[in-house]
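Listed below are the residues making up each chain.
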Amino acid sequence: GDSVTQTEGLVTLTKGLPVMLNCTYQTTYSPFLFWYVQHLNEAPKLLLKSSTDNKRTEHQGFYATLHKSSSSFHLQKSSVQLSDSALYFCALSDKVTNYNVLYFGSGTKLTVEP
Amino acid sequence: NAGVIQTPRHKVTGKGQEATLWCEPISGHSAVFWYRQTIVQGLEFLTYFRNQAPIDDSGMPKERFSAQMPNQSHSTLKIQSTQPQDSAVYLCASSPDWGDEQYFGPGTRLTVL
């Protein structure tokens, strides 16, 4: 079945440094990948999405590229801000076996320090 | 647009009691999803509806959990005989027809004592 792996549970960085949060996935079908961000006591919100191989997608300073050859969709930002502290989830849907159902990774908690 | 509305925001039940959680999707959205969020398991899919019809409940525990969508403006998740392991944040999300993005509600935090 579909699955998503996020290897970092906790990431702590100083403001202004770059960040990369890892996401790899498994699916038999053509994948749709998403990054959701969840601030404390708030609903998860869509940050990025992609289904196009090797095309960079960007939003709010974050970017990611879907690489089907390596089954990856890593999230990056060149300079993190205090407001980026949140929980980040990578998610997968395949549009075939269960249209639009999201399968989430375990999440990465990003803490940005002054 | 008020977004997805979930009520109550917090619910505390005693072991063995029933809990009913409510979700009002965004108007015009045809799909409604329920997820459960815990520290240990993360975000897990439970069930979803499209145009009020149940499509897949493969993530629902086979006993005690049920979900309904009696009309296009609300869905309910009912947990009978709640157990401490049911304690979690239950998230509802909706999406437009054939859309990619799911819009999440703020969740209901269920605590079973």
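Read on for a plain summary of the structure. None of the values given here were measured: they were computed from a predicted structure. (Residues numbered from 1 in each chain as written. Chains lettered and ligands numbered in written order. Predicted model: local features only at pLDDT ≥ 70, side-chain atom pairs only at ≥ 80, totals over all residues. Heavy atoms only, no water.)

**Notes on the interface of chain A and chain B**
Put simply, the rule is: Contacts between residues were defined by any pair of non-hydrogen atoms, one from each residue, lying within 4.5 Å. The term buried area means the drop in 1.4 Å probe accessible area that two parts suffer when joined, counted for both and summed. Salt bridge, as used here, is a side-chain nitrogen of Lys or Arg placed within 4 Å of a carboxyl oxygen of Asp or Glu. Helix numbering and strand numbering both begin at the N terminus, where a helix is a DSSP run of H or I of at least 4 residues and a strand a DSSP run of E of at least 2. Residues were grouped as follows: Ala, Val, Leu, Ile, Met, Phe, Trp, Tyr, Cys and Pro as nonpolar; Asp, Glu, Lys and Arg as charged; and all remaining residues, including Gly, as polar.
Contact residues are listed per partner, giving 18 residues for chain A and 20 residues for chain B. For the pair chain A and chain B, the summed buried surface comes to about 1,700 Å²; carbon and sulfur atoms form 53% of the total. Linking chain A with chain B are zero salt bridges, by the criterion used here. Breaking the side of chain A that touches chain B down by element, the ones donating at least two residues are β5 (32-38), β6 (45-50) and β10 (86-93) of chain A. Per-element tally for the side of chain A that touches chain B: the top contributor is β5 of chain A, with four residues. A breakdown of the residues in the side of chain A that touches chain B according to their chemical character gives 12 nonpolar, four polar and two charged.

**Digging into the state of the cysteines**
Just so we agree on the cut-off: Disulfides are defined as cysteine sulfur pairs within 2.5 Å. When accessible area is computed with a 1.4 Å probe and restricted to protein chains, residues below 20% of their type maximum are described as buried, those above 50% as exposed, and intermediate ones as partly exposed.
Applying the stated rule across the entire model yields two disulfides over all chains. Across the disulfide from Cys 23 of chain A sits Cys 90 of chain A; the S-S distance is 1.9 Å. Here Cys 23 of chain A and Cys 90 of chain A share a disulfide; its torsion about the S-S bond, -60°, makes the bridge left-handed. In this pair, Cys 23 of chain A sits in the loop between β3 (19-21) and β4 (24-26) while Cys 90 of chain A sits in strand β10, placing the two residues 67 residues apart along the sequence. Classification of Cys 23 of chain A as buried rests on a relative accessible area of 0%. Two residues share a disulfide in this structure: Cys 23 of chain B and Cys 92 of chain B, whose sulfurs sit 1.9 Å from each other.

**Description of the pattern of salt bridges**
Residue and element names in this part refer to chain A. Counted by the stated rule, this structure contains four salt bridges over all chains. Notably, a salt bridge pairs Asp 84 with Lys 77, separated by 2.7 Å at the nearest N-O pair. When its relative accessible area of 7% is taken as the criterion, Asp 84 is described as buried. Overall, Lys 77 belongs to the buried group, its relative accessible area being 10%.

**Section: the sheet that holds strand β3 (residues 19-24) of chain B**
The pairing of strands in a sheet comes from backbone hydrogen bonds and takes either a parallel or an antiparallel form. All names here are of chain B. Counted only if it meets this: Pairing between strands is defined by DSSP: at least two bridges between the two strands are required. Only the stretch in contact is used when fitting a helix axis, every axis being a line fitted to C-alpha atoms; angles between N-to-C directions are given from 0 to 180 degrees.
Spatially, the four strands line up as an open sheet ordered β1-β3-β8-β7, and their pairing is antiparallel. Either end of the sheet is taken by a strand with one partner, and the two such strands are β1 (5-7) and β7 (65-71). Ignoring which end each strand starts from, the neighbouring axes of this sheet average 20° apart. Sheet topology places β1 next to β3; three bridges connect them, and they run antiparallel. Directly across from Gln 6, in β3, lies its bridge partner Cys 23.

**Thoughts on the packing of aromatic side chains**
We describe a pair of aromatic rings using the distance from one ring centre to the other and the angle between the two ring planes. Stated formally: A pair of Phe, Tyr and Trp rings is counted when the ring centres sit within 6.5 Å of each other, with Trp represented by its six-membered ring. The angle between the planes then sorts it: under 30 degrees is stacked, over 60 is edge-to-face, the rest tilted.
According to the stated counting rule, one finds 12 aromatic pairs over all chains in the structure shown. Aromatic side chains Tyr 36 of chain A and Phe 104 of chain B sit 5.4 Å apart centroid to centroid with 80° between the ring planes, which places their arrangement in the edge-to-face category. Within this pair, whereas Tyr 36 of chain A is found in strand β5, its partner Phe 104 of chain B is found in strand β10 (residues 103-104), the two belonging to separate chains. In this structure Tyr 36 of chain A comes out as buried when scored by relative accessible area, which is 0%. For Phe 104 of chain B, a relative accessible area of 9% translates into the label buried.

Any functional reading would require information that these geometric values do not contain.
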